[in-house]
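Working through the structure, step by step
Spelled out from the first residue to the last, the chains are:
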Amino acid sequence: MKTTRTCQLLIVVIFLSMGTAADLPAEENEVPDVKQNTEGEEEEEQVPPLGPLGERVVAGQSVYSQEETPAPEEAGQAQGEQGHEEPQEFVVVGEEKEDLPDQPPPPKPKPKEIPVVIGGTAAGEPCVFPFLFLGKEYADCTTEGRRDGRLWCATTYDYDRDKKWGFCETEEQAEERRQAEEMEEQYQSAVRMINTTNRRSQKREAYERLLKISGKGHTKASEKVAYAMLFGDYMAQNVTKAKDLFEKLALEGSPKAQMALGFLYAAGLGVNSSQAKALVYYTFGALGGNLVAHMILGYRYWGGVGVPQSCESALTHYRLVANHVANDVSLTGGSAVQRIRLLDEVENPGSTSSMLEEDLIQYYQFLAEKGDIQAQVGLGQLHLNGGRGVEQNHQRAYEYFNQAANAGNTHAMAFLGKMYSEGSEFVPQNNETALQYFKKASELGNPVGQSGLGMAYLYGRGVPVNYELALKYFQKAAEQGWVDGQLQLGFMYYNGIGVKRDYKQALKYFNLASQAGHILAYYNLAQMHATGTGVMRSCHTAVELFKNVCERGRWSERLMTAYGSFKDGDMDAALVQYLLLAEQGYEVAQSNVAFILDQTEGSRIFSENETYPRALLHWTRAAAQGYTVARIKLGDYHFYGYGTDVDYETAVIHYRLASEQQNSAQAMFNLGYMHEKGLGIKQDIHLAKRFYDMAAEASPDAQVPVFLALCKLGFIYALQYLQDLNLKEAVSQVDLDQLLGPEWDLYLMTVIALLLGTVIAYRQRQHQAPLRPPPVPPRPAAPAPPADQPDQQQQQQPAPAMPEEQ
């Protein structure tokens with residue numbers, strides 16, 4: 001096994017060193033500049049068709065049949081699930097086809113081998129295809145007419161006449177085939193149970209069945225079990241066992257397993273982290289057609305993660321994935337992507353705008369049952385697309401829309417038309433019924449119905465094709481701001497269908513539709529920027545738009561699964577799932593990984609000395625994608641020395657970037673503090689006060705801490721002023737002889753004597769002032785004392801007091 005891996009590694013290293021991952025020159029990959037004449041003399045043949053499947057994709061039509069819906073980790077494996085077809089790629093007229101990095105030419109199909117029959121009536125003779133049996137032609141070996149299920153064929157065209165036949169396989173081969181068919185049937189049954197039930201007990205039972213099937217060597221079952229062990233999906237999380245299964249499957253050539261091994265080496269899960277091995281396995285997975293591996297490589301080339309930064313290589317990978325995502329988008333726009341930040345969820349519980357509380361959903365359901373039309377339409381839209389905590393359910397959506405439509409709501413009529421136009425497992429596809437609903441809604445001025453009628457006339461669904469009417473209805477819908485009308489108008493102007501080709505008008509309507517978040521609007525804008533059609537070619541803009549499209553793929557459902565694990569308290573499962581999404585370039589997943597690692601009670605997968613460096617890595621990647629809080633976290637990590645050495649200067653750089661680019665009040669406050677203390681920057685109290693004031697202006701929440709900081713700053717400034725004043729030195733430097741004259745001491749003594757005399761005179765005058773006793777109230781006349789007591793009465797009267805005593 002080690003020898004095989006070493007050989008694989010050497011092959012890829014040699015392959016990459018030959019320059020296959022270098023930037024592809026624009027001249028060899030893009031459409032030559034299309035000449036546009038203001039009088040309308042465009043060259044029709046040089047215009048690239050818009051969309052990977054032409055008009056069908058841009059018009060928002062689903063090209064997939066309503067079969068088994070792959071799980072998020074399986075959605076990226078288009079080749080394995082769809083008959084090993086080569087991934088489709090957008091080809092522009094006048095443009096050379098862009099090969100994948102390190103993509104070898106597709107092998108030529110081998111001619112079909114004609115088996116030689118065993119036994120029967122014509123042993124040793126070759127089969128003849130087609131052959132006739134009971135009036136029906138067969139182009140391959142069949143089991144018809146046999147109870148034991150063995151494959152046979154005829155050696156002449158007419159078996160009914162010649163009776164020449166033989167077996168196409170031995171008994172051992174037949175037994176192996178029957179066992180494989182039985183395992184495949186059991187696998188499909190388990191997958192159907194997983195996709196149709198919402199009960200955790202039934203899902204666990206289905207995964208137990210898959211585990212048994214995996215033990216018999218079934219590849220797809222082994223892949224599902226390995227991912228379930230890795231993520232902890234209805235099975236006990238066991239990264240080591242998952243790694244062993246992935247290694248076994250990778251040796252058998254499974255692209256899913258190769259991508260998963262690349263993820264394990266990139267994240268250091270169960271193995272020593274190695275970006276070189278991760279790149280090798282990602283490359284093998286991408287060559288095998290795994291879309292998740294392509295997406296990861298696109299992000300790595302875009303951000304320069306482990307590889308030289310290359311916009312053109314990133315564009316190649318992202319465009320291929322975006323083609324598949326756009327193919328899978330239906331007229332309804334696809335399911336919503338939930339992006340929940342754990343940091344916001346923890347700091348402000350229940351404030352996440354993208355989620356609806358269970359009580360609120362039940363309240364809307366109660367209103368809908370009572371006949372509230374708006375509640376019925378809102379719940380119908382939630383169940384039609386899924387999202388905000390509500391699972392996609394076309395049956396419930398149909399029921400709510402039907403109730404509202406019967407009450408006369410035009411939006412409900414139009415959405416019923418959409419459901420019949422597309423069809424689903426619950427609502428059969430029916431153009432006539434869809435047209436009736438669209439007409440009824442359109443007559444009442446509903447933009448959704450007008451857009452649906454435009455689609456019907458554009459593609460002839462139930463009516464003859466009429467581009468003029470299609471344009472008319474799309475314009476009516478676009479005037480009311482409906483996104484589908486804007487999208488289809490852009491498509492018609494781009495391709496010149498029913499109107500004169502006008503790239504500026506197409507760009508205008510695609511931009512309007514993109515503001516509402518329509519995936520196909522982003523996709524079409526990306527194609528125009530990638531090929532330079534109607535705009536200046538911009539690889540960077542095209543990559544960002546394609547990246548946005550890729551992040552709307554089915555693997556985005558893993559975001560909600562990871563959030564559910566976090567809410568249930570399973571940090572390890574949430575961390576592993578967010579790690580894979582972070583590898584794919586989801587900024588919200590990168591910040592969530594860093595948040596979980598930043599917590600003291602975080603995941604137990606990594607040791608304590610690994611958590612802060614890993615958190616620092618993911619904060620760095622999230623900050624590079626414009627997340628303000630991540631930029632501030634980087635400043636904090638360098639300020640306190642978390643996962644790195646204390647570096648005040650680097651902390652200042654991150655705080656300054658957050659302050660200047662994102663106008664962050666927290667970053668301004670931190671810069672004020674560092675100016676106040678002189679940490680990593682020159683101490684300047686005036687600049688500190690300026691940043692504090694800016695923080696208070698940027699956010700009302702910062703006003704209280706800024707007030708306290710300014711009070712502290714004023715106190716420190718006063719102390720510093722007094723320390724700088726130095727009174728002794730100031731007094732010693734004053735020359736009184738020069739200031740007051742040579743006889744200043746005599747003047748001073750005279751002034752002091754005058755002041756002393758004034759004080760003494762004032763006190764003497766105060767003592768000599770006559771006292772005025774308060775008036776005595778009249779007393780009643782007392783009886784005359786006896787004659788023998790005159791001396792005693794005189795002794796009781798007080799003698800007049802002297803001034804000194806007073």
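Throughout what follows, the structure given in this document is the object of discussion.

Cut-offs and rules
Residues numbered from 1 in each chain as written. Predicted model: local features only at pLDDT ≥ 70, side-chain atom pairs only at ≥ 80, totals over all residues. Heavy atoms only, no water. Phe/Tyr/Trp six-rings, centres within 6.5 Å; stacked < 30°, edge-to-face > 60°. Helix = DSSP H or I, 4+ residues; strand = E, 2+ residues; numbered from the N terminus. Buried < 20%, exposed > 50% of the residue type's maximum accessible area, 1.4 Å probe, protein only. Lys NZ or Arg CZ within 6 Å of the ring centre and 35° of its normal. Patch = residues over 30% accessible without salt bridge, like charges linked within 9 Å, V, L, I, M, F, W, Y side chains within 5 Å. Areas by Shrake-Rupley, 256 points an atom, 1.4 Å probe, with all protein chains shown as cover. Salt bridge = Lys/Arg side-chain N within 4 Å of Asp/Glu carboxyl O. Expected span 1.5 Å × (residues − 1). Disulfide = S-S within 2.5 Å. Core = buried A, V, L, I, M, F, W, Y, C linked by side-chain atoms within 4.5 Å.

1. Section: the packing of aromatic side chains
Counted according to the given criterion, the structure contains 29 aromatic pairs. Between Trp152 and Trp165, the aromatic rings sit 6.4 Å apart at their centres with planes inclined by 85°, giving edge-to-face as the arrangement. Highlighted residues: Trp152 in strand E3 (residues 152-154) and Trp165 in strand E4 (residues 165-167), separated in sequence by 13 residues. Judged by relative accessible area, which is 19%, Trp165 ranks as buried. Ring centres of Tyr637 and Tyr642 lie 5.7 Å apart, and the angle between their planes is 90°; this geometry places the pair in the edge-to-face category. Three or more aromatic residues link up through ring pairs in this structure, and these residues are Phe129, Phe131, Phe133, Tyr138, Trp152, Tyr159, Trp165 and Phe167. The positively charged end of Arg341 is found above the aromatic ring belonging to Tyr627, 3.9 Å away from the centroid.

2. Observations concerning a nonpolar patch on the surface
The grouping of Leu360, Tyr363, Tyr364 and Phe366 at the surface amounts to a nonpolar patch, some 380 Å² of accessible area in total. Structurally, Tyr363 is set in helix H16 (residues 358-369).

3. Things to note about the pattern of salt bridges
Summed over all chains, the structure comprises 23 salt bridges. Two residues, Lys418 and Asp484, come together in a salt bridge whose shortest N-O distance is 3.0 Å. Here the residue Lys418 occupies a position in helix H19 (residues 410-422), and Asp484 occupies one in helix H23 (residues 483-495), the gap between them amounting to 66 residues. Linking Arg614 and Glu610 is a salt bridge whose minimum nitrogen-to-oxygen distance equals 3.1 Å. With a gap of four residues between them, Arg614 and Glu610 both fall in helix H30 (residues 608-624), about one helical turn apart. On the basis of relative accessibility, which here comes to 30%, the residue Glu610 falls in the partly exposed class. A cluster of three or more residues bridged by salt bridges with shared partners is formed by Glu169, Arg177 and Glu181.

4. Digging into helix H11 (residues 255-267)
If you check H11, its first and last C-alpha atoms are 18 Å apart, about what 13 residues at 1.5 Å a residue would give, namely 18 Å. The element H11 is extensively covered by neighbouring structure, given that 13 of its 13 residues are classed as buried. After H11 finishes, the residue Gly268 shows a positive phi value of roughly 70°.

5. Concerning the state of the cysteines
Applying the stated criterion across every chain, the model contains three disulfides. Shown here is the disulfide that connects Cys141 with Cys168, its sulfur atoms set 2.2 Å apart. Because the torsion about its S-S bond is -85°, the bridge between Cys141 and Cys168 counts as left-handed. Separated by 27 residues along the polypeptide, Cys141 in the loop between strand E2 (136-138) and E3 and Cys168 in the loop between E4 and helix H7 (171-196) bring together distant segments of the chain. Each member of the pair, Cys141 as well as Cys168, carries the same accessibility label: buried. Cys311 shares a disulfide with Cys539; S-S distance 2.0 Å. In this structure, the disulfide formed by Cys311 and Cys539 twists by about -115° around the S-S bond and is classed as left-handed.

6. Observations regarding the nonpolar core
Counting residues in each nonpolar core, the largest one holds 161 residues, and the members touching the most others are Phe246, Phe263 and Tyr578. One finds Phe131, Cys141, Trp165 and Cys168 within the second-largest nonpolar core, a separate group that totals 14 residues.

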